[in-house]
Amino acid sequence: MSRPAVLAARLRTAAWLGWQIEANWADPFTFIVYSAVRPLATALILAVMYRAVAGIASSGQAFLGFYVANAFHEYVIRVLVGMGWVIVEEREEFETLKFVYTSPIGMFTYLWGRSSVKFVQASLSLLLILTTGWLILGLRWDWGAVRWLPLLLSFVLGLIAIVYFGFFVAGWALVLPRAAISVNEGVAAALTLLCGVIFPIDLLPRAVQVVAMLLPFTWWYEALRRFLIGHGASARLSSFSDGALLAALAVSTALFSCVSVWGYGVLERRARQNGKLDQARLF
Amino acid sequence: MSPARADGRPGDLALNLRATWGRMYVRVVGSAREPTWIMSDAVFPALSMASFVLLYRALGAPRSFESLAVLGGIMATYWINVLWGMGAQLYWEKQSGQLQLYFIAPCSRMSILTGMALGGIFMTTTRAIFSIAVGFGLLGVRVAPFALAPLLLVFVVTMTALYGLGMTLASLFLLYGREAWHVCNALQEPVFFLSGLYFPLRALGALGAVAAGIVPLGLGVDAMRQVILGPAARGWLPVRVEVAILAVLAVVFLILARASLRYLEALSKREGRLTQRWQ
Amino acid sequence: MPDHDRDHAPAVETRALRRTFAAPRNRPGAAVEALAGVDVRIERGEIFGLLGPNGAGKTTFIKILTTLLFPTSGEGRVAGHDVVRAAGEVRRRISLISGGESSGYGSLMVRECLWMYSQFYGIPAAIAWPRVDELLAVVGMTEQAHTRINRLSTGQRQRMNFARGFVSDPEVLFMDEPTLGMDVNAARALRGYVARWVRAKAGRTVLLTTHYMAEADELCDRLAIIDRGRVLACDSPAALRRQVQGGQHVELEVSVREGDGTGLPSLDGITAAWGAPHPERGTRTLKFRLPPECPLVDVLRQLEAQGVRVQGVATREASLEDVFIAVVGRGLEDTEVVK
């Protein structure tokens, strides 16, 4: 079998396993409801917060930008957190990580495959949140003004950053048994704050803004807003031209991905050195 | 404390008080020994809270809304503890083989759950200090001086009702196993929403009223906001009414927890699921 | 039952104890009868063993007696208390040690963890702490007393849990494969402790399930051999051994032809079983009991006639394994028997 065929087969196996683990506990209807409830609740929290202050002082356009970015944040929550969760689940609940690790499938391929179901879930959540916003909350934008090519390009770049950062998070999960679950969740919460998902990064202290601008996700949310609804959220980032914005996203994604792969390698070696790869203590 | 029995073994009250303290002790010492838990229980909820405060700031909302969000964020840590530290706990205990040791012990199961709850409240309160520091320190949110005694009363009643619900959820895990874990997972954010943690409860209208009758978090947060912020809390019902409803909910949940635990234990013993790790 | 009668009641008594597990939803009709009417009476002060292969019903029996599982029918009593109707009274008097168990909260120290368990039995601190220290010495963990549980090795966690079983000073101690996975020295030391513990105070009783014949032989005053949910024999180890005496126990190491490793040779009047194969020598062990009227030389001739070459002969006294084979019809590890 050729190398790509082997890779495809391994990815398929990991994806199949991911789906089985993710969905086998419920019938499809329950599973869909379960998958929809959390993202919908988060979107509704934002909507009611907005409504609560709508009559007092607020900007509908600004809120639309936050709402849209929050919808795309589903990829971070599902895929990135999910990749760390795979480690926790495999090692501490099913106690199968050691078998996966010692098999020829390779952890990157395996994590990539396992997280594919999370990608599908995140995409459905995105659609659900945007549809709810459009139909129920009246959050609308001009489809004619959408710039599809840069939108698609920035979307793909962001996904690459998420997947590679997912490896890094998985690496942390390897060295932090017990705490790994919360670290995964915490990374998503930290990125919400640092990358200005539901507010402009201009509100962060200056030093934190610098950190935010090193992260590809900050550029990602800004690019998605600009190319989908026509405006960003941050005054500081609005000074960047479209090209500069995409370039910043591309460069930070590349750097971030390299750092993530290196970081995963370091953490994996440390886990192996400290005997954490088969440490099943949580459950 | 009740005297020893004729057979030299401790009486029921002594037995159950010691069991409660034994189980609580795990969380009391654990709260200091597991620094990583501080991240999950304090730092990360505080990060979410900070995001919501900054959203209000971005929307140009009055500063009192930021106070609402900070108080909601603090109470969110308790809800997370109720879900994962109470509801999911018996599931973890089963997976680790601990549950069967509880079920062959002579103490009442409620004493174990009470120990878990008291330990959880202690642990979460130490964590909540971090959220208070972030909210009122880093983010610069301010509140006027307020009366401490009514706040303590509302807090105690809210915690009793909330952890009573947690005990009820815990027993459900014996029945639903892994599925219930997913239910817990699915309940976290929706309850944040239905309890109005980051906005005034009354903004939910009738939906908030229905939710408040089921999950005591919303009423508790609303009452605490009213005590601390006064009219700026944009309260839903008068504090007295909310406390009375919470007290009723507390009694109902404690009775429900005891009954459901007994029922589910019997059911599990009939079906042989009590000590089965994988299901 | 009045209290004074209970004081003299057997430690464990079961009558027609039956347990059936319902079929799983995806396999209707596959209900499993784990216990098929078990009658056992264990007197106070006994160490009683349950010997049986996997799936024999040993753990189900213990789960019912420790109030973790309801019986489908029949009756079980521990210290005179019904395990269904008076579960609370049963729990005050029992403890359970399961082999391979590694429970405990990672953030606690070993000493604290054992103390915590004592609290679930309401033991006052003045009694609990000295007892915990004494038990830690017994399991050789005094040095680890202040070590966090999540820093213990698997073996240390098992030993800690062994100590946990004694922390409430139970009247009846249930031990389900207690030395499973333990190293030989630790297992021997703990067996010694169990024997001393039972004799140290009148009325203490142990019900032990095990795979290990030697463990059962060394520890138990009486043994029940259980298979497919039924007690097939129950007596002292010596009496059980006597049941299968009256002939020599023979083990022959025989050569096995390539591709002919599974079929047992046919021997007139003898029930034989295969033992472990020895691929490095191309042989397998053939075990059987030789009736007094049948000379060994006749058996050797029969084997020669079937083309089986005998490479080694050993004879010995009856062991519990022989008893097991005679009663159950197969060894603990064997699955194949010919007549």
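Residues numbered from 1 in each chain as written. Chains lettered and ligands numbered in written order. Predicted model: local features only at pLDDT ≥ 70, side-chain atom pairs only at ≥ 80, totals over all residues.

1. Details of the overall build of chain B
When its secondary structure is counted, chain B shows 11 helices and zero strands. Listing each helix as α and each strand as β along chain B from the N terminus yields α-α-α-α-α-α-α-α-α-α-α. Taking 19 Å as the expected radius of gyration for a compact globule of 279 residues, we find that chain B reaches 20 Å, a close match to that expectation. Burial status across chain B gives 57% buried among its 279 residues. (Helix = DSSP H or I, 4+ residues; strand = E, 2+ residues; numbered from the N terminus. Rg over C-alpha atoms; globule rule 2.2 N^0.38 Å. Buried ≥ 20, exposed ≤ 12 C-beta atoms within 10 Å, placed from the backbone.)

2. Here we look at the overall build of chain C
Scanning chain C from terminus to terminus reveals 11 helices and 15 strands. Counting only C-alpha atoms and orienting by the principal axes, one finds that chain C spans roughly 75 × 45 × 45 Å. Residues counted as buried form 43% of the 339 residues belonging to chain C. Pairs at least 24 apart in sequence give 72% of the contacts found in chain C among residues at least 6 apart. (Contact = placed C-beta atoms within 7 Å.)

3. Things to note about the environment of Ala326 of chain C
Residues and elements named next belong to chain C. Within the secondary structure, Ala326 sits in helix H11 (residues 320-328). Measuring from C-alpha to C-alpha, the distance between Ala326 and Arg289 comes to 8.9 Å, with 37 residues separating the pair along the chain. Excluding its chain neighbours within four sequence positions, the residues that come into contact with Ala326 are Val244 and Arg289.

4. Let's talk about the confidence of the model for chain C
All names here are of chain C. Averaged over every residue, the pLDDT of chain C is 86; the share at 70 or more is 90%. For the stretch residues 335-339, pLDDT sits under 50, and the model shows 12 contacts to residues farther than four places along the chain or on other chains. ipTM for the predicted complex: 0.86, alongside a pTM of 0.81. (pLDDT = per-residue confidence, 0-100.)

5. Focus: the interface of chain A and chain B
Counting from both sides, the interface comprises 38 residues of chain A and, opposite them, 36 residues of chain B. Taken together, the elements giving at least two residues each to the side of chain A that touches chain B come down to helix H2 (28-54), helix H3 (60-93) and helix H7 (180-194) of chain A. For the side of chain A that touches chain B, the leading source of residues is H2 of chain A, giving 13 residues.

6. A closer look at the UniProt feature "transmembrane region" (unreviewed entry) in chain B
Residues and elements named next belong to chain B. Feature annotation in UniProt assigns "transmembrane region" (unreviewed entry) to the following positions: residues 37-56, 68-87, 99-122, 129-148, 154-176, 197-219 and 239-261. Structurally, residues 129-148 is divided into 55% helix and 0% strand, and its ends, taken at the C-alpha atoms, are 16 Å apart. Here residues 239-261 is 100% helix and 0% strand, with 32 Å between the C-alpha atoms at its ends. (UniProt positions renumbered as here; feature names shortened; annotations may be inferred.)

7. Re the pairing of strand E9 (residues 222-227) of chain C
All names here are of chain C. Counted residue by residue, E9 has five buried out of six residues, so it is predominantly covered. In this structure, strand E3 (residues 47-51) lies alongside E9, joined through four bridges in parallel fashion. Bridging across to E9, Leu50 finds its partner in Ala224. When E9 meets strand E10 (residues 230-235), the two strands line up antiparallel, connected through five bridges. Each residue of the ladder has a partner; that of Ile226, found in E10, is Val231. (Pairing = 2+ DSSP bridges.)

8. So, the sheet that holds strand E4 (residues 73-78) of chain C
Residues and elements named next belong to chain C. Strand order in this open sheet of four strands is E2-E1-E4-E5, and the pairing throughout is antiparallel. The two strands at the open ends of the sheet, each matched to only one other strand, are strand E2 (32-42) and strand E5 (81-82). Of the pairings in the sheet, the one linking strand E1 (residues 12-21) to E2 comprises eight bridges and is antiparallel in character. Bridge assignment links Phe21 to a residue of E2, and that residue is Val32.

9. Observations concerning helix H6 (residues 154-166) of chain C
Residue and element names in this part refer to chain C. Between the first and last C-alpha of H6 there are 19 Å, a value that for 13 residues agrees with the 18 Å anticipated at 1.5 Å per step. The element H6 is largely enclosed, with a buried count of 10 among its 13 residues. Considered for burial, the residues of H6 that qualify are Arg157, Gln158, Arg159, Met160, Asn161, Phe162, Ala163, Arg164, Gly165 and Phe166. Elements in contact with the buried residues of H6: strand E6 (94-98), helix H4 (110-119), helix H5 (125-138), strand E7 (172-176) and helix H7 (184-200). (Expected span 1.5 Å × (residues − 1).)

10. Considerations on the interface of chain C and chain B
Taken together, the contact between chain C and chain B spans 23 residues of the former and 29 residues of the latter. Along the lines of polarity and charge, the residues of the side of chain C that touches chain B split into 11 nonpolar, eight polar and four charged. (Nonpolar A, V, L, I, M, F, W, Y, C, P; charged D, E, K, R; others polar.)

11. Overview of the sheet that holds E9 of chain C
All names here are of chain C. Strand order in the open sheet made by the six strands is E6-E7-E8-E3-E9-E10, with mixed pairing throughout. The open sheet is flanked by E6 and E10, the only strands paired with a single partner. Between one strand and the next, the sheet's axes are offset by a mean angle of 15°, whatever the strand orientation. Bridge analysis of E6 against E7 gives five bridges, and the strand direction is parallel. Counted as the bridge partner of Ile94 is Val172 from E7. Contacting E6 and E7, H6 crosses the sheet at an angle of about 165° to E6. Sheet strands touched by H11: E3, E9 and E10. Its angle to E9, the strand with the most contacts, is close to 40°. (Axes fitted to C-alpha atoms, helices over the stretch in contact; angles between N-to-C directions.)

12. Here we look at the domain arrangement of chain C
Buried accessible area, meaning the area lost when the parts come together, often serves as the stated size of an interface. All names here are of chain C. Here chain C is partitioned into domain 1 (3-238) and domain 2 (242-338). The gap between the C-alpha centroids of domain 1 and domain 2 is 35 Å. Here the side of domain 1 that touches domain 2 is composed, by residue class, of nine nonpolar, one polar and two charged. (Domains from an automatic or database assignment.)

13. Considering the nonpolar core
Formed by 257 residues in total, the largest nonpolar core has its most connected members in Met49, Leu80 and Ala170 of chain A together with Leu55 and Tyr56 of chain B. No other element matches H3 of chain A, which puts 19 residues into this core. Taken together, domain 1 (3-238) and domain 2 (242-338) of chain C each give at least three residues to this core, which thus spans both. If we ignore the near neighbours within four places in the chain, the residues touching Tyr56 of chain B are Met49 and Val53 of chain A together with Ala61, Phe65, Glu66 and Ala69 of chain B. Of all hydrophobic cores here, the second largest spans eight residues; its members include Leu252, Ile270, Ala272 and Trp274 of chain C. (Core = buried A, V, L, I, M, F, W, Y, C linked by C-beta atoms within 7 Å.)

14. Digging into the pairing of E7 of chain C
Residue and element names in this part refer to chain C. Burial analysis of E7 places five of its five residues in the buried class, which makes it a mostly covered element. Two elements, E7 and strand E8 (residues 205-210), share five bridges in a ladder whose sense is parallel. When the sheet's bridge partners are listed, Val172 is paired in E8 with Thr205. Once the chain exits E7 it traverses H7 before rejoining the sheet at E8, and the crossover so formed is right-handed. (Right-handed = clockwise from strand over helix to strand, strands pointing away.)

15. Thoughts on the packing of H4 of chain C against H6 of chain C
Residue and element names in this part refer to chain C. With their axes 9 Å apart at the nearest point, H4 and H6 run at an angle of 30° to one another. Crossing handedness for the pair H4 and H6: right-handed. Within the contact between the two elements, H4 uses Val110, Cys113, Leu114 and Tyr117 and H6 uses Met160, Ala163 and Arg164. Broken down by class, the residue content of the contact of H4 with H6 amounts to six nonpolar, no polar and one charged. (Left-handed = near helix turned anticlockwise from the far one by under 90°.)

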